[in-house]
Amino acid sequence: MFTREYPARFPTIAEANSLPWPEFVDRLTVLSTVPLPGDLTAVLSAKSLTWSDRDVNVYLGAFGRRVRYFLDLSAEEFECTFGWHLRLARMISDQLGEPVYITHGFNPDDSMPGLHSVREKFHTHIHIPQRWPCAPIVPGELSRYELLELVEPFSRAFFDRAVFYRARNPGDWRLEHHSGFIRLIGPATEIGWLYGLLDDLYRTCADAESALADIRTESCTGHRRYVPRPRPERLASIAAFMDRHSPWLSAESRCLLEYLAHRLLEATPRAAPESADCRARGQTWLAKGPCGAFNFVVDGASPWVRFDFAPRVLTTSGAIKILADRPTLVSKGRGAATAAERARMCEFQRLVVTAARRAHQVTGDSALRP
């Protein structure tokens, strides 16, 4: 998918990651601000480089507080924040007759090139997947990095754990395992249950991560990758992890973890610290800390909400697999937007701002029902 470049002001990536919240907001092309419960504020912003021809960013922050991704929120804040997102998305979907996507990508501790570069500021995309201009993928023409965007074998282990969590914490969500991601379908009134699930998944992931690597990081790559434990120690640690978690690990997940433990290498530098080129085995880095993306997909014609969760362990991107109705590589900024494209974006921005204000005025579970 090829997206255009739109006229909008945005700070440099270094500024976005370092500026305090008020100064960061001053550098945005602000469309509207909405106060959320507690000390949080949602800032709706235009961007020059987008994921779609209908795409608005929402930045979430507070004065004197570090808010990078969803686990920096409390369970109540998560439910309020995404409840507001779902209300406004349903209003837009009702008006346009199309599904509306709410996408949140995160990698707060990982500066690997090609990931979300603005990792210090919590943000979501409210967007509708673009249908044109697009071109079919030719696998033989893809780089190793692009190929790795389309896979994530370790999503199977996340799925196994999610099934186990649901058995112990009943919720009205149907679980499906797809290629590289997990899909849940359920009622918008139970989004608080998803916070507990995601928190559990990443606590378990951290346990597996500590079995493979110690707390030391290297300095050669420019991105402070974790240093693997020595192979004998690593194999013993992952065996102990699998024993602790045997009630939920499938045979497939056990094989994946054993494979990783046997073949894990120390990270080696790429051609340059900012390079996404990973041709050598040691240049294919594992994720560091919580990484991935999730979507809420709201269709005004359905009473249910779809939740797609794409973890990132081996893959170079989580969002690529879920930000549209099929895996989609995005090539941003392919030429300046035409007058018609700018008008289409402006109309979508107007709809989002209007819906955001209306959604803020409606509260309670009834507001989440169609």
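Keep in mind that what you see is a predicted model, and the values were worked out from it rather than measured. (Residues numbered from 1 in each chain as written. Predicted model: local features only at pLDDT ≥ 70, side-chain atom pairs only at ≥ 80, totals over all residues. Heavy atoms only, no water.)

Caption draft 1: Region of interest: a positive patch on the surface. A cluster of basic residues, Arg144, Arg231, Arg263 and Arg281, forms a positive patch on the protein surface. Classification of Arg281 by relative accessible area gives exposed; the value is 58%. (Patch = residues over 30% accessible without salt bridge, like charges linked within 9 Å, V, L, I, M, F, W, Y side chains within 5 Å. Areas by Shrake-Rupley, 256 points an atom, 1.4 Å probe, with all protein chains shown as cover. Salt bridge = Lys/Arg side-chain N within 4 Å of Asp/Glu carboxyl O. Lys, Arg positive; Asp, Glu negative; His and termini not counted. Charge placed at Lys NZ, Arg CZ, Asp CG, Glu CD. Buried < 20%, exposed > 50% of the residue type's maximum accessible area, 1.4 Å probe, protein only.)

Caption draft 2: Looking closely at the sheet that holds strand E4 (residues 100–106). Spatially, E1-E2-E3-E5-E4-E10-E11-E7-E6 is the arrangement adopted by the nine strands of the open sheet, whose pairing is antiparallel. With one partner strand each, in any of the chains shown, strand E1 (29–35) and strand E6 (174–178) form the two edges of the open sheet. Each strand of the sheet is rotated relative to its neighbour by a mean of 20°, with strand direction disregarded. Its contacts with the sheet place helix H6 (residues 191–212) against E4, strand E7 (181–186), strand E10 (292–298) and strand E11 (305–311), and it is angled at close to 10° to E11. Packing of helix H9 (residues 339–361) onto the sheet brings it into contact with E1, strand E2 (41–46), strand E3 (55–61) and strand E5 (122–127), and relative to E1 it is tilted by some 15°. (Pairing = 2+ DSSP bridges. Helix = DSSP H or I, 4+ residues; strand = E, 2+ residues; numbered from the N terminus. Axes fitted to C-alpha atoms, helices over the stretch in contact; angles between N-to-C directions. Contact = heavy atoms within 4.5 Å.)

Caption draft 3: Representation of the pattern of salt bridges in the model. Considering all chains together, one arrives at 24 salt bridges under this definition. For the salt bridge of Arg350 with Glu347, the shortest nitrogen-to-oxygen distance reads 2.6 Å. Within this pair, Arg350 and its partner Glu347 are both found in helix H9, separated by three residues, close to a single helical turn. Note on Glu347: relative accessible area 38%, which makes it partly exposed.

Caption draft 4: Looking closely at the confidence of the model for the chain. Predicted confidence across the chain gives a mean pLDDT of 92, with 98% of residues reaching 70 or more. A low-confidence stretch, residues 364–370 (pLDDT under 50), is modelled with 12 contacts involving residues beyond four sequence positions or located in other chains. (pLDDT = per-residue confidence, 0-100.)

Caption draft 5: Summary view of the pairing of E3. Within E3, seven of the seven residues are buried, which leaves the element mostly enclosed by the surrounding structure. Across five bridges, E2 lies against E3 in antiparallel orientation. What sits directly across from Leu44, in E3, is Val58. Relative to E5, E3 is paired through six bridges, and the arrangement is antiparallel. Each bridged residue has a counterpart across the sheet, and for Val58 the counterpart in E5 is Thr124.

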